[in-house]
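The chain contents come next:
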Amino acid sequence: MKLDKVIAVRTSKTVYKDGDCAIKVFDADYKKSDILNEALNQARVEETGLPIPKLLEVGVVDGKWAIVSEFIKGKTLARLMDENPDKIDEYMNLFVDIQLDIHSRKAPLLNKLKDKMNRKISETDLDATTRYELHTRLEGMPKHNKVCHGDFRPSNVIVGEDGVNYIIDWAHATQGNASADAARTYLVFYLKGEEELAEKYLDLFCQKSDTAKQYVQKWLPIVAASQSVKRNPEEKELLTRWLDVVDYE
């Protein structure tokens, strides 16, 4: 495999193109268990019939672990939004429709979203009282088993040249409550400073899924706590605000 054509650089990983393959190479200190879990998630989601790049291989390249998938020709939805701001409503409608398609699938062997959230809350720097309130709120949320992407954002959708919309990056996939996944996407827009897009997204998601906006918002403190585990100083103030504004029941 040739690693001379970089197509994406993300935290702790670089994606290369070699012929019909996309090779995601992880930094040497990346946990092997997380890499293997991502590959397993991708394989399990592939079995649901969702349009995602096929997993081809997991191996070691130049001493670093790598996941090899089929290369998809096309542009990300994020790039199309940047290039065609006049079509933002059209693209946002498409974005939400794709997410609802994800939520319509089942993958019984995926990790459970509630288990992951409970673990993340326990790993935060929050005080014991706040952690207790978050654990209690999470436990009271309805238990669902829908496929949840876990990091659904426009840059993780490739509008293929073949007319198919492909969903990539399944590292955070779980099965659980779709509104938690929506809260996560809402937070992603907000953390990028795209408040207007965040509100447009949430309105559309709630309208198309017939979900009360307040229900999605109840997940925000839980999702914010989960995100805070990354300990990104640039996000700390905003995430703390999401945790402070909630009235615990």
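Throughout this document, residue positions are counted from 1 along each chain, in the order its sequence is written. This being a predicted model, a pLDDT of at least 70 is required before a residue's local features are given, and a value of 80 or more before pairs of side-chain atoms are given or counted; all residues contribute to the totals for chains, interfaces and linings. For the side-chain quantities, the full set of heavy atoms in the structure was used; hydrogens and water were omitted.

## A few points about the sheet that holds strand β6 (residues 74–76)
Right, so step 1: What the three strands build is an open sheet, ordered β6-β8-β9; its pairing is antiparallel. Each edge of the open sheet is held by one strand with a lone partner, namely β6 and β9 (165–167). With strand direction ignored, the average angle separating the axes of adjacent strands in the sheet is 30°.
Right, so step 2: DSSP bridges decide pairing: two strands pair if at least two such bridges lie between them. A helix here means a DSSP run of H or I that spans at least four residues, while a strand means a run of E at least two residues long, and both kinds are numbered starting from the N terminus. Relative to strand β8 (residues 157–160), β6 is paired through three bridges, and the arrangement is antiparallel. Directly across from lysine 75, in β8, lies its bridge partner valine 159.
Right, so step 3: Against the sheet, helix α3 (residues 88–103) contacts β8 and β9, and its axis sits at roughly 55° relative to β9. Note on definitions: angles span 0 to 180 degrees between N-to-C directions of axes, and those axes are lines fitted to C-alpha atoms, for helices only across the stretch in contact. A contact between two residues is defined here by any heavy atoms of the two lying within 4.5 Å.

## Quick word on the pattern of salt bridges
Right, so step 1: Salt bridge, as applied in this entry: a Lys or Arg side-chain nitrogen positioned within 4 Å of an Asp or Glu carboxyl oxygen. For the structure shown, the criterion picks out 14 salt bridges.
Right, so step 2: Glutamate 139 is the partner of lysine 143 in a salt bridge, and the nearest nitrogen-oxygen pair spans 3.4 Å.
Right, so step 3: To sort residues, take the accessible area from a 1.4 Å probe on protein chains only and compare it with the maximum for the residue type: under 20% means buried, over 50% means exposed, and anything in between is partly exposed. By relative accessible area, which is 45% here, glutamate 139 ends up partly exposed.
Right, so step 4: A single salt-bridge network, built from bridges that share partners, covers Arg10, Lys24, Glu38 and Asp169.

## Describing the pairing of strand β3 (residues 21–26)
Right, so step 1: Of all six residues making up β3, five are buried, and the element is well covered by its neighbours.
Right, so step 2: Where strand β2 (residues 13–18) folds back on β3, the antiparallel hairpin that results is connected by two residues, among which glycine 19 adopts a positive phi of roughly 65°.
Right, so step 3: Bridging between β3 and strand β5 (residues 64–70) involves five bridges; their strand directions are antiparallel. The partner of lysine 24 across the bridge, within β5, is isoleucine 67.

## Some details on the environment of cysteine 148
Right, so step 1: Along the polypeptide, cysteine 148 turns up in strand β7 (residues 146–148).
Right, so step 2: Among the residues examined, cysteine 148 registers a relative accessible area of 1% and is labelled buried.
Right, so step 3: A sequence separation of 34 residues divides cysteine 148 from alanine 182, and the C-alpha atoms of the two residues are 8.9 Å apart.
Right, so step 4: Beyond its immediate stretch of four places on either side in the chain, cysteine 148 contacts His103, Leu113, His172, Ala173, Thr174, Gly176, Asn177, Ala178 and Asp181.

## Overview of the nonpolar core
Right, so step 1: Among the buried residues, those of types Ala, Val, Leu, Ile, Met, Phe, Trp, Tyr and Cys that are joined through side-chain atoms within 4.5 Å form a nonpolar core. Counting 54 residues, the largest nonpolar core has Trp170, Tyr201 and Trp219 as the members making the most contacts within it.
Right, so step 2: Apart from the residues lying within four places of it in its own chain, the contact partners of tryptophan 170 are Glu38, Asn41, Gln42, Val45, Leu50, Ile52, Ile102, Val147 and His149.
Right, so step 3: Within the second largest apolar cluster, six residues are counted, among which are Ile23, Val25, Ala66 and Val68.

## Considering the packing of aromatic side chains
Right, so step 1: Stacked, edge-to-face and tilted are the three classes for Phe, Tyr and Trp ring pairs, Trp counted by its six-membered ring, which pair at centre distances within 6.5 Å; planes under 30 degrees apart are stacked, over 60 edge-to-face, the rest tilted. Counted under the stated rule, the structure contains nine aromatic pairs.
Right, so step 2: Residues phenylalanine 26 and tyrosine 30 carry aromatic rings whose centres are separated by 4.8 Å and whose planes lie at 50° to one another, so their mutual orientation is tilted.
Right, so step 3: For tyrosine 30, a relative accessible area of 22% corresponds to the partly exposed category.
Right, so step 4: When the centroid spacing of 5.4 Å and the interplanar angle of 80° are considered together, the rings of tyrosine 190 and tryptophan 242 count as edge-to-face. Within this pair, whereas tyrosine 190 is found in helix α6 (residues 178–191), its partner tryptophan 242 is found in helix α10 (residues 233–244), the two being separated by 52 residues in sequence. In this pair, the class of tyrosine 190 matches that of tryptophan 242, namely buried.
Right, so step 5: Three or more aromatic residues joined by ring pairs form one cluster here, namely Phe95, Phe152, Phe189, Tyr201 and Phe205.
Right, so step 6: Definition used: whenever NZ (Lys) or CZ (Arg) falls within 6 Å of the ring centre and also within 35 degrees of the ring normal, the charge is taken to sit over that ring. The positively charged end of lysine 17 is found above the aromatic ring belonging to phenylalanine 71, 4.9 Å away from the centroid.

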